[in-house]
Amino acid sequence: MEEKTVGILSGLVSYLFWGVLGLFWALLSFVPALDILAYRFVFSLVFMAIILTIQKNWRAFFKSVASLWKSKKIIWVILASFLIAVNWGTYIYMVGHGQATEASLGYYIMPLFNVVIAPVFFKEPLTKTSFLAILLAAIGVVWFTIQTGSLPLNTLILATAFCLYGVIKKKIELPASFSLMLETIVCVPFGIVYLLFFTQVSFFSYSPLTIGLLVLSGVVTAVPLLLFTVAAKTVDFVTLSFIQYVNPTMQLLVAVFFLHEAFDPHKWIVFAFIWLGIAIFTVGTIHEYRQVMFQKVK
């Protein structure tokens with residue numbers, strides 16, 4: 001199988017995985033969101049430790065950590081850990097409180113946030129189609145705020161946290177397994193302290209099924225991230241731009257058809273603006289890509 005085909009399949013599987021995870025977190029809706037987040041840190045660390053042991057990559061991992069410490073870039077890793085914790089915790093909370101459609105909206109908006117961030121951090125120009133896409137997304141969010149009387153704060157936190165997390169990940173290049181391992185190492189002490197002194201429910205007081213799901217949370221955290229890394233290294237930007245919208249689309253379908261969330265007209269209007277913005281952004285990106293390729297051929 002060709003390398004690019006493997007990359008496309010890996011990307012699709014990772015986004016499908018993320019898209020249906022709402023069903024998994026819904027099974028744990030009775031467990032406090034902070035408890036789930038703490039267990040997610042702990043069991044992600046356990047799972048990644050097993051992965052590094054199987055790969056026999058511990059020496060390379062510690063060498064990378066030493067390099068980051070020496071260059072003081074470890075600060076950025078700590079910030080990335082905080083941002084992914086905010087993203088995970090917000091998403092788990094939203095799914096557990098009947099806000100899965102708003103969560104999918106956050107992941108639709110997130111790529112457009114990336115477009116806003118790109119000129120600031122990576123000196124990438126903001127094109128006319130990108131600006132129009134962002135404007136339409138902003139209109140959708142404003143409309144939702146006016147009609148419901150409240151700003152979709154959790155949605156914006158979800159999108160912003162993952163957007164900034166992506167910026168840091170792009171600036172600090174680490175293999176996916178090393179990056180995830182280091183981030184969980186940073187977060188695990190906070191999770192352990194919370195579970196020892198602040199949680200109201202003991203781990204072993206849950207049913208065997210719930211304990212199994214909490215242990216499995218580490219696996220469902222790590223697997224899609226590892227698959228996505230394969231896609232990012234082997235698939236071109238335009239293809240990934242199409243694939244990335246599988247995630248929020250699946251989240252939306254899961255929320256409406258499996259979690260049975262009410263999808264009122266206000267939400268439809270917001271999503272219509274977002275989808276139109278995405279369509280314009282995608283068409284513009286393809287046009288720019290073709291121009292670049294045409295100039296290379298010339």
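As the structure is a prediction and not an experimental result, all values here were calculated from the model.

Draft legend 1. Seen up close, the confidence of the model for the protein. Taken residue by residue, the protein gives an average pLDDT of 85. The fraction at 70 or more is 94%. Of all secondary-structure elements in the protein, the lowest mean pLDDT belongs to helix H10 (residues 237-243), at 63, while helix H2 (residues 33-55) reaches the highest, 94.

Draft legend 2. A look at the nonpolar core. Formed by 76 residues in total, the largest nonpolar core has its most connected members in Phe-24, Trp-25, Leu-28, Phe-41, Met-48, Tyr-91 and Ile-274. Here the element with the most residues in this core is helix H4 (residues 74-96); it accounts for eleven residues. With near-sequence residues (within four places) excluded, Ile-274 lies in contact with Leu-105, Tyr-108, Ile-109 and Ala-137.

Draft legend 3. Summary view of the environment of Leu-182. Along the chain, Leu-182 turns up in helix H8 (residues 176-197). Along the sequence, Leu-182 and Asn-247 sit 65 residues apart, while their C-alpha atoms lie 25 Å from each other. Those residues in contact with Leu-182, other than ones at most four positions away along the chain, are Phe-61, Val-65, Leu-68, Ile-74, Val-77 and Leu-174.

Draft legend 4. Structural view of the packing of H4 against H8. Relative to each other, H4 and H8 sit at 80 degrees, their axes nearing to 9 Å. Viewed along their axes, H4 and H8 adopt a mutual orientation that is roughly perpendicular. When H4 is examined against H8, the residues Ile-74, Val-77, Ile-78, Ala-80, Ser-81, Ile-84, Ala-85 and Trp-88 are found in contact with a partner set consisting of Leu-180, Leu-182, Glu-183, Val-186 and Cys-187. Along the lines of polarity and charge, the residues of the contact of H4 with H8 split into eleven nonpolar, one polar and one charged.

Draft legend 5. View of the packing of aromatic side chains. If you walk through the whole model with that rule in mind, you get 22 aromatic pairs. Ring centres 5.4 Å apart and planes at 45 degrees place the aromatic pair Phe-271 and Trp-275 in the tilted group. Of this pair, Phe-271 and Trp-275 both sit in helix H12 (residues 265-297), four residues apart, which is roughly one turn of the helix. Here Phe-271 falls in the buried class, since its relative accessible area comes to 2%.

Rules behind the numbers
Residues numbered from 1 in each chain as written. Predicted model: local features only at pLDDT ≥ 70, side-chain atom pairs only at ≥ 80, totals over all residues. Heavy atoms only, no water. pLDDT = per-residue confidence, 0-100. Helix = DSSP H or I, 4+ residues; strand = E, 2+ residues; numbered from the N terminus. Core = buried A, V, L, I, M, F, W, Y, C linked by side-chain atoms within 4.5 Å. Buried < 20%, exposed > 50% of the residue type's maximum accessible area, 1.4 Å probe, protein only. Contact = heavy atoms within 4.5 Å. Axes fitted to C-alpha atoms, helices over the stretch in contact; angles between N-to-C directions. Parallel < 35°, antiparallel > 145°, perpendicular 65-115°, else oblique. Nonpolar A, V, L, I, M, F, W, Y, C, P; charged D, E, K, R; others polar. Phe/Tyr/Trp six-rings, centres within 6.5 Å; stacked < 30°, edge-to-face > 60°.

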